[in-house]
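# Structural features, examined
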Amino acid sequence: MAALIADQPGVRATINLTPILLRQLDDYAAGATDEARELTMTPAERLTTAQRERVLSTFFDADWHTQIFAHERYAELFQRRAAGGAFDVQDLRDLQAWFSLAWFAPELRESDVGRLVEKGRGFSTADIDDIVAAQLHIMGNVAPLHRLLQDAGRIEVSTTPYAHPIVPLLIDTDATTIDKAGTMLPRRFSHPEDADAQVARAIDVYSRAFGRPPRGMWPAEGAVSQSSIELYARHEVAWIASDRGVI
């Protein structure tokens, strides 16, 4: 979204980035990994039997119509898997590549990995290395691009309390409004100090990323209460957003 806004000088928008997302981006830049990435980075010929099965069972986790059927080779592999067909090493390597390529936003699929999308099949281990490098490059530029646009007055970046909590329930579950017949309140939970810490930690993560505290916050799920509004005000948050249904 930020890249699209950068290409449209007249557009102004507010974009919300959660503290956990910002931390995850930092973690990947610092070398963090996950199962999907490990399976992608393992040369296809070195995959164990268990890893091969894991690739075949999870690397089609994409929208069939917009991500799989839109690409000839990915669709071919999908149909082979559905029919119970065999996969050789090149098939597995192509699947490793396409699972990542399909998850690039369409605009980035054209710019950052366009050469590989056009290649389509017969990928090498070096090609997969290039795909992962492109992922890391994009992740590493998310916060800097948003900061650049915010500093230029093009966007405002808001954030959310640190771990996406339902802040009014942290403050006091007894303040909940029961709006469904048969619903019962849980045993009372009231830790306003936790709610305060969630807002404070969010401001800290945001300030390190953007060089200033946030003006606004989007409470997780738009959850608001009178006491939570007072909490945000104490932390000098100028505005919060919810929706008409919640309010």
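Residues numbered from 1 in each chain as written. Predicted model: local features only at pLDDT ≥ 70, side-chain atom pairs only at ≥ 80, totals over all residues. Heavy atoms only, no water.

## Observations concerning the packing of helix α2 (residues 19-29) against helix α10 (residues 125-151)
Where we set the bar: In this analysis, axes come from line fits to C-alpha atoms, helices being fitted only over the stretch in contact, and the angle between any two N-to-C directions falls in the range 0 to 180 degrees. Numbering of helices and strands starts at the N terminus; helices are DSSP runs of H or I of at least 4 residues and strands are runs of E of at least 2. What sets the label is the angle itself: under 35 degrees gives roughly parallel, over 145 gives roughly antiparallel, 65 to 115 gives roughly perpendicular, and the rest give oblique. Each crossing is labelled by how the near helix is turned from the far one, with a counterclockwise turn of less than a right angle marking it left-handed and a clockwise turn marking it right-handed. Two residues qualify as a contact provided that any one of their heavy atoms is within 4.5 Å of a heavy atom in the partner residue. The nonpolar class holds Ala, Val, Leu, Ile, Met, Phe, Trp, Tyr, Cys and Pro. Asp, Glu, Lys and Arg form the charged class, and all remaining residues, Gly among them, are polar.
Relative to each other, α2 and α10 sit at 135°, their axes nearing to 9 Å. Taken as axis vectors, α2 and α10 run oblique relative to one another. Like other packed secondary-structure pairs, α2 and α10 cross with a definite hand, here left-handed. Touching L22, L25 and Y28 of α2 are L136, M139, V142 and A143, all from α10. Of the residues contributing to the contact of α2 with α10, the split by class is seven nonpolar, no polar and no charged.

## Description of the packing of helix α4 (residues 49-58) against helix α7 (residues 89-101)
Following both chains from N to C, one finds α4 and α7 inclined at 45°, their axes separated by 11 Å at the closest point. One element, α4, and the other, α7, form an angle in the oblique class. Handedness of the crossing formed by α4 with α7: left-handed. For the pair α4 and α7, contact is made by R52, V55, L56 and T58 and by L92, L95 and F99, respectively. For the contact of α4 with α7, the residue count by class is five nonpolar, one polar and one charged.

## With respect to unusual backbone geometry
Phi is positive for H164, which is not a glycine, with a value near 60°. Mapped onto the elements of the fold, H164 is located in the loop between β2 (155-158) and α11 (167-171). Its identity as a non-glycine residue notwithstanding, E221 has a phi of 60°, on the positive side. Tracing the backbone shows E221 in the loop between β3 (216-217) and α13 (226-234).

## Digging into helix α12 (residues 192-210)
Keep this limit in mind: An expected span of 1.5 Å times one less than the residue number is assigned to each helix. When a residue's accessible area, from a 1.4 Å probe over protein chains only, is under 20% of the maximum for its type it is buried; when over 50% it is exposed; and in between it is partly exposed. This arc is taken over the directions from the axis of the helix to the C-beta atoms.
Between the first and last C-alpha of α12 there are 27 Å, a value that for 19 residues agrees with the 27 Å anticipated at 1.5 Å per step. Every buried residue of α12 is accounted for by A195, Q198, V199, A202, I203, V205, Y206 and F210. Projection of α12 onto a plane perpendicular to its axis shows the buried side chains occupying an angular sector of 165°, all on one side. Elements that come into contact with the buried residues of α12 comprise α2, α10, β2, α11, β3 and α13. At the C-terminal side of α12, G211 shows a positive phi close to 70°.

## Details of the packing of aromatic side chains
Selection rule: Classification of ring pairs rests on two measures: the distance between centres of Phe, Tyr or Trp rings, Trp counted by its six-membered ring, which must be within 6.5 Å, and the angle between planes, read as stacked under 30 degrees, edge-to-face over 60 and tilted in between. A ring has a charge above it when a Lys NZ or an Arg CZ is no more than 6 Å from the ring centre and no more than 35 degrees off the ring normal.
For the coordinates displayed, the defined rule picks out nine aromatic pairs. An angle of 75° between the planes, with centres 5.8 Å apart, marks the rings of F60 and F78 as edge-to-face. Of this pair, F60 sits in the loop between α4 and α5 (64-68) while F78 sits in helix α6 (residues 72-82); the two residues are 18 residues apart in sequence, bridging distant segments of the chain. Of the two residues, F60 and F78, neither departs from the other in class, the shared state being buried. Three or more aromatic residues link up through ring pairs in this structure, and these residues are F60, W64, F69, Y74, F78, W98 and F123. The residue whose ring lies beneath R80 is F87, and the NZ or CZ to ring-centre distance is 5.7 Å.

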